[in-house]
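# Per-entry structural report
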Amino acid sequence: MEAMRAVQILNPSGEVTMPRPERTRVMCVANQKGGVGKTTTTVNLAVALALHGNRVLVVDLDPQGNASTGLNVPHHTGVPDVYDCLIDSVPLEEVAQAVEGIPNLWCVPATIDLAGAEIELVSVVARESRLARAIAAYPGHFDYVFIDCPPSLGLLTVNALVAAQEVLIPIQCEYYALEGLNQLIQNINLVRQHLNPKLEVSTILLTMYDRRTRLADAVEQDVRNHFGDKVLQAVIPRNVRVSEAPSYGQSVMTYDPGSRGATSYFEAAQEIAERGVMEPVSRNA
Ligand SMILES: Nc1ncnc2c1ncn2[C@@H]1O[C@H](COP(=O)(O)OP(=O)(O)O)[C@@H](O)[C@H]1O
Ligand SMILES: [Mg+2]
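Model, not experiment: these values are computed from the prediction.

We now examine the overall build of the protein. Broken down by element type, the protein carries 12 helices and eight strands. Scaling as 2.2 N^0.38, a compact globule of 285 residues should have a C-alpha radius of gyration of about 19 Å, and the protein matches this with 18 Å. In terms of overall dimensions, the protein has a C-alpha envelope of 55 × 40 × 35 Å along the principal axes. Out of the 285 residues in the protein, the part that is buried amounts to 55%. Of the contacts made within the protein by residues no fewer than 6 positions apart, 80% connect residues no fewer than 24 positions apart. Of the roughly 12,800 Å² of accessible surface on the protein, a fraction of 52% belongs to carbon and sulfur atoms. Seen as two clouds, the 22 positive and the 32 negative side-chain charges of the protein have centres 5 Å apart.

Any two side chains of opposite charge can pair, so long as their charged atoms come close to each other. Per the stated rule, a full pass over the model turns up nine salt bridges. As a salt-bridge pair, Glu-128 and Arg-127 come within 3.5 Å of each other at their nearest N and O atoms. Residue class for Glu-128 comes out partly exposed when judged on its relative accessible area of 23%. For Arg-127, a relative accessible area of 31% corresponds to the partly exposed category. Beyond isolated ion pairs, a larger network of salt bridges with shared partners links Arg-241, Glu-244 and Asp-256.

Attention now moves to the packing of aromatic side chains. Overall, the coordinates contain four aromatic pairs when judged by the stated rule. Arranged with centres 5.7 Å apart and planes meeting at 70°, the rings of Trp-106 and Phe-142 form a pair that is edge-to-face. With Trp-106 in strand β4 (residues 105-108) and Phe-142 in the loop between α6 (130-136) and β5 (144-148), this residue pair connects regions lying 36 residues apart in the sequence. Overall, Trp-106 belongs to the partly exposed group, its relative accessible area being 22%. Judged by relative accessible area, which is 4%, Phe-142 ranks as buried. Here the aromatic residues Trp-106, Tyr-138 and Phe-142 are joined through ring pairs into a cluster of three or more.

Okay, the site of ligand 1 next. Ligand 1 sits among 14 residues. The nearest are Gly-35, Thr-39, Thr-40, Pro-237 and Asn-239. Within the backbone of Val-36, an N or O atom sits 3.1 Å from an oxygen atom of ligand 1. Measuring from an oxygen atom of ligand 1, one finds a side-chain N or O atom of Thr-39 at 2.8 Å. Relative to its unbound accessible area of 560 Å², ligand 1 is 78% covered by the protein chains. At the level of elements, α2 (38-51), β8 (231-237) and α10 (240-244) are the ones that each hand at least two residues to the shell around ligand 1. Ranked by residue count, the leading element in the shell around ligand 1 is α2, at three residues.

Of all the seven residues making up β8, six are buried; the element is thus mostly covered by neighbouring parts of the structure. Relative to β8, strand β7 (residues 200-209) runs parallel, the two sharing three bridges. The partner of Tyr-209 across the bridge, within β8, is Pro-237. Once the chain exits β7 it traverses helix α9 (residues 214-227) before rejoining the sheet at β8, and the crossover so formed is right-handed.

Taken as a whole, this structure holds zero disulfides when the rule is applied. No disulfide involves Cys-85; its nearest neighbouring cysteine sulfur is the one of Cys-107, lying 11 Å away. Classification of Cys-85 as buried rests on a relative accessible area of 4%. Free of any disulfide, Cys-149 has its nearest neighbouring cysteine sulfur in Cys-28, separated by 3.5 Å.

In this section: the packing of helix α1 (residues 2-10) against helix α12 (residues 260-276). Relative to each other, α1 and α12 sit at 40°, their axes nearing to 11 Å. Here α1 is positioned oblique relative to α12, judged by the angle of their axes. Like other packed secondary-structure pairs, α1 and α12 cross with a definite hand, here left-handed. When α1 is examined against α12, the residues Arg-5, Gln-8 and Ile-9 are found in contact with a partner set consisting of Ala-262, Thr-263 and Phe-266. Class assignment of the residues belonging to the contact of α1 with α12 gives a composition of three nonpolar, two polar and one charged.

Definitions and cut-offs
- Counting of residues starts from 1 at the beginning of each chain's written sequence and follows it residue by residue.
- Chain labels run from A onward and ligand labels from 1 onward, assigned in the order the entries are written.
- In view of the model being predicted, local features appear only for residues whose pLDDT reaches at least 70, and side-chain atom pairs are presented and counted only at 80 or more, with totals across whole chains, interfaces and linings using the full set of residues.
- Hydrogen atoms and water are omitted, and side-chain values are computed over all heavy atoms in the structure.
- Secondary structure counts use DSSP, requiring at least four H or I residues in a row for a helix and at least two E residues in a row for a strand, with both numbered from the N terminus.
- As a reference, a globule follows 2.2 Å times the number of residues to the power 0.38, and the radius of gyration itself is taken over C-alpha atoms.
- The classification of residues rests on relative accessible area computed with a 1.4 Å probe and restricted to protein chains. Under 20% of the type maximum is buried, over 50% is exposed, and intermediate values are partly exposed.
- In this analysis, two residues are considered to be in contact whenever any of their non-hydrogen atoms come within 4.5 Å of each other.
- Per-residue and other accessible areas were derived by the Shrake-Rupley procedure at a 1.4 Å probe size, with only the shown protein chains allowed to occlude residues.
- For the purpose of charge, His is not counted, nor are the chain termini; Lys and Arg are scored as positive and Asp and Glu as negative.
- The atoms used to mark charge sites are NZ of Lys, CZ of Arg, CG of Asp and CD of Glu.
- By convention in these notes, a salt bridge is any Lys or Arg side-chain nitrogen within 4 Å of a carboxyl oxygen on Asp or Glu.
- Centre distance within 6.5 Å is the pairing criterion for rings of Phe, Tyr and Trp, where only the six-membered ring of Trp is used; planes under 30 degrees apart are then read as stacked, over 60 as edge-to-face, and the remainder as tilted.
- Think of it this way: one heavy atom of a residue within 4 Å of a molecule or strand is enough to make that residue near it.
- For this analysis, a polar contact is any N or O atom pair within 3.5 Å, provided that within protein one partner can donate a hydrogen and the other can accept it, and provided that sequence-adjacent residues contribute only side-chain to side-chain pairs.
- Paired strands, in this sense, are two strands between which DSSP finds at least two bridges.
- Looking down the strands as they point away from the viewer, one classifies a crossover as right-handed if the path from the first strand across the helix to the second runs clockwise.
- Disulfide: a pair of cysteine sulfur atoms within 2.5 Å of each other.
- Simply put, an axis is a line fit to the C-alpha atoms, just over the touching stretch for a helix, and the angle between two N-to-C directions goes from 0 to 180 degrees.
- By the definition adopted for this analysis, an angle is roughly parallel if under 35 degrees, roughly antiparallel if over 145, roughly perpendicular if from 65 to 115, and oblique otherwise.
- In this scheme the handedness of a crossing depends on how the near helix is turned from the far one: anticlockwise by less than a right angle means left-handed, clockwise means right-handed.
- Each residue receives one of three labels: charged for Asp, Glu, Lys and Arg, nonpolar for Ala, Val, Leu, Ile, Met, Phe, Trp, Tyr, Cys and Pro, and polar for the others, Gly being one of them.

What follows is the structure, encoded as structure tokens:
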């Protein structure tokens, strides 16, 4: 069983087994709380979609560079990174690196330089739309662009919200999960009103779900009541293989494709892909 699942997840034939969207879907993975699974979600969804025939770009917008680490993309000082694109208008294609071992996947890394960008951006022209411009100018045709946000609501996150059409919010199933989300939603509304009318919260993903606790169940019900069908059916369990994978420079998809973590990220990616090709009328936007 596990071996069969692994083959299904790794899709060695490279066939397109998750439907490709008509237009590029730019998805901002945001939640100003740290440690809720933003980076893990970005990396694993990106790898899952790429393994299944979608062309995917990951933009690491967190100075900690965890998405770059997770994809095993060099991001030490001196490596051209997203900072150069934001501050010095270097084209994204000069900075994007192909992710080794995963066809169809590229990553714009973040180095520690990005830590200064939050402040330096303040005095730059069109400071909120630097990333949007850079992505729009990228000639590569992508099915998905995932932007991994830092755990704050500063100018970096605003740049991601202006560049995206969709926001994906990972929510950890714990007591304070919904607290603090108001602030994120308010910021999203402000960006929609003033800078990016197309922006919508399209996807909520429950992460680090612990079946043994009644609390997780209660939080899940709360989130589903509040966000309705934006919440994916797939739920990501707390799974040690998910947390081990980054130290091997891998996603859980490739590190342990038979694990529950890999299966659930695979299912989440499949749902996202299927929602992306649904008729707009049947979509509860
Ligand atoms: N489903 C999971 N099971 C176990 N550990 C997880 C899971 N998802 C994330 N983690 C771990 O939790 C920590 C925080 O996750 P991360 O994706 O870095 O959050 P964020 O980007 O929101 O700060 C990391 O150490 C990560 O490996
Ligand atoms: Mg992160």
